[in-house]
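# Architecture at a glance
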Amino acid sequence: MNKIVSSSLITLSLAMASVHLSANDNVVQRDTSKVTYIQEIRNATIKVTYADTTFLIDPMFAKKGFYEGFPDTHRSYLRNPLVDLPIKPETILEGVDAVIVTHTHLDHWDDAAQATIPKNMPLFVQNKEDQKIIQSQGFKDVRVLTQATFEGIKLTKTGGQHGTDAMYRIPKLKAGLGEAMGVVFEAAGHETVYVAGDTIWRSEVDQAIQYEPIITSFLKQGFMDPVSMEQTVNELTNLARGVM
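Residues numbered from 1 in each chain as written. Predicted model: local features only at pLDDT ≥ 70, side-chain atom pairs only at ≥ 80, totals over all residues. Heavy atoms only, no water.

### Quick notes on the pairing of strand β11 (residues 182–186)
Convention followed: Relative accessibility decides the category of a residue: with a 1.4 Å probe and only protein chains considered, values under 20% of the type maximum give buried, values over 50% give exposed, and everything between is partly exposed. Helix and strand assignments follow DSSP, with helices taken as H or I runs no shorter than four residues and strands as E runs no shorter than two, numbered in order from the N terminus. For two strands to pair, DSSP has to find at least two bridges joining them.
Here β11 lies mainly inside the structure; five of its five residues are buried. Side-chain alternation along β11 places Gly 182, Val 184 and Glu 186 on one buried face and Val 183 and Phe 185 on a second face that is also buried. In terms of strand pairing, β11 meets strand β12 (residues 192–197) through three bridges, oriented antiparallel. Considered in β12, the bridge of Phe 185 is made with Val 193.

The structure is reproduced here in structure tokens:
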């Protein structure tokens, strides 16, 4: 199977995605009229334009340092966000057809985003709990994603986990970590795209990258403990070496 993986965790060039290897190792140029555009904005916030439809994922629009550091996390003394938003929120929202909120942690769905995004914008969330939270914030079209079709695009929820199993065995940590999802995008004539979300490398990630014919994968981490970070980077590096 042909796989091309890119990650915001490590520097694997997106230029790799401009070509892929066929079964006989010949380089085949992609059909650039069907390219997926992925714009990484800040932290976990990205825009994905896929099959002529644009999704905003995990919007956090607050100014640099607006929020206190997250308690009991690595470098919790640092205020969040750590850097300025490079684009005005109004500009980020230009052309957006729907929003995907992988989970409702502050660094993935903050007050500034809630105040800026139109209340009638379609939003996809991971479960009914998040649906209720976002509906209570005034949003009218909040959809729980398992598998859905939007503008001809098949969206499939994938699993993930914020931290290690050992972390989830501690009740206080488990409650704070909560659940999170990833999303697979599929459309006729287009390559499959997998946005892994806020997860360490787990069996759910292995399962998701079995999609054919090709996958561009993005891991979007707001916070990851150093051990989990190292493990996930090693997995991605090994996979990329296997491709190259």
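### Describing the pattern of salt bridges
Basically, it comes down to this: Salt bridges are defined by distance alone: a side-chain nitrogen of Lys or Arg within 4 Å of a carboxyl oxygen of Asp or Glu.
Here the structure, examined in full by the defined rule, presents two salt bridges. Residue Asp 141 pairs with Arg 143 through a salt bridge whose shortest N-O separation is 2.8 Å. Judged by relative accessible area, Asp 141 falls into the partly exposed class, the value being 23%.

### Focus on the nonpolar core
Stated formally: Grouping buried Ala, Val, Leu, Ile, Met, Phe, Trp, Tyr and Cys residues that are joined through side-chain atoms within 4.5 Å yields what is termed a nonpolar core.
By size, the foremost hydrophobic cluster in this structure holds 19 residues, and its most contacted members are Tyr 50, Phe 55, Ile 57, Ile 100, Ile 153, Leu 155 and Phe 185. Those elements giving two or more residues to this core turn out to be β4 (45–50), β5 (53–57), β6 (98–100), β10 (153–158), β11 and β12. With three residues, the top contributor of residues to this core is β4. Within the second largest apolar cluster, 18 residues are counted, among which are Ile 41, Leu 85, Leu 93 and Phe 139.

### Remarks on the sheet that holds strand β3 (residues 37–42)
Quick reminder of the rule: Working convention: axes come from line fits to C-alpha atoms, limited for helices to the stretch in contact. Angles between N-to-C directions cover 0 to 180 degrees. Here, residues are in contact when the closest pair of their heavy atoms is within 4.5 Å.
Read from one edge to the other, the open sheet built from six strands follows the order β3-β4-β5-β6-β7-β8, with strand pairing classed as mixed. Single-partner strands in this sheet number two, and they are β3 and β8 (142–144). Each strand of the sheet is rotated relative to its neighbour by a mean of 25 degrees, with strand direction disregarded. Bridge count between β3 and β4: five bridges; the pairing is antiparallel. If you follow Tyr 37 over to β4, its bridge partner there is Thr 49. Of the strands in this sheet, β7 (123–125) and β8 touch helix α3 (residues 128–136), which is tilted by about 175 degrees from β8.

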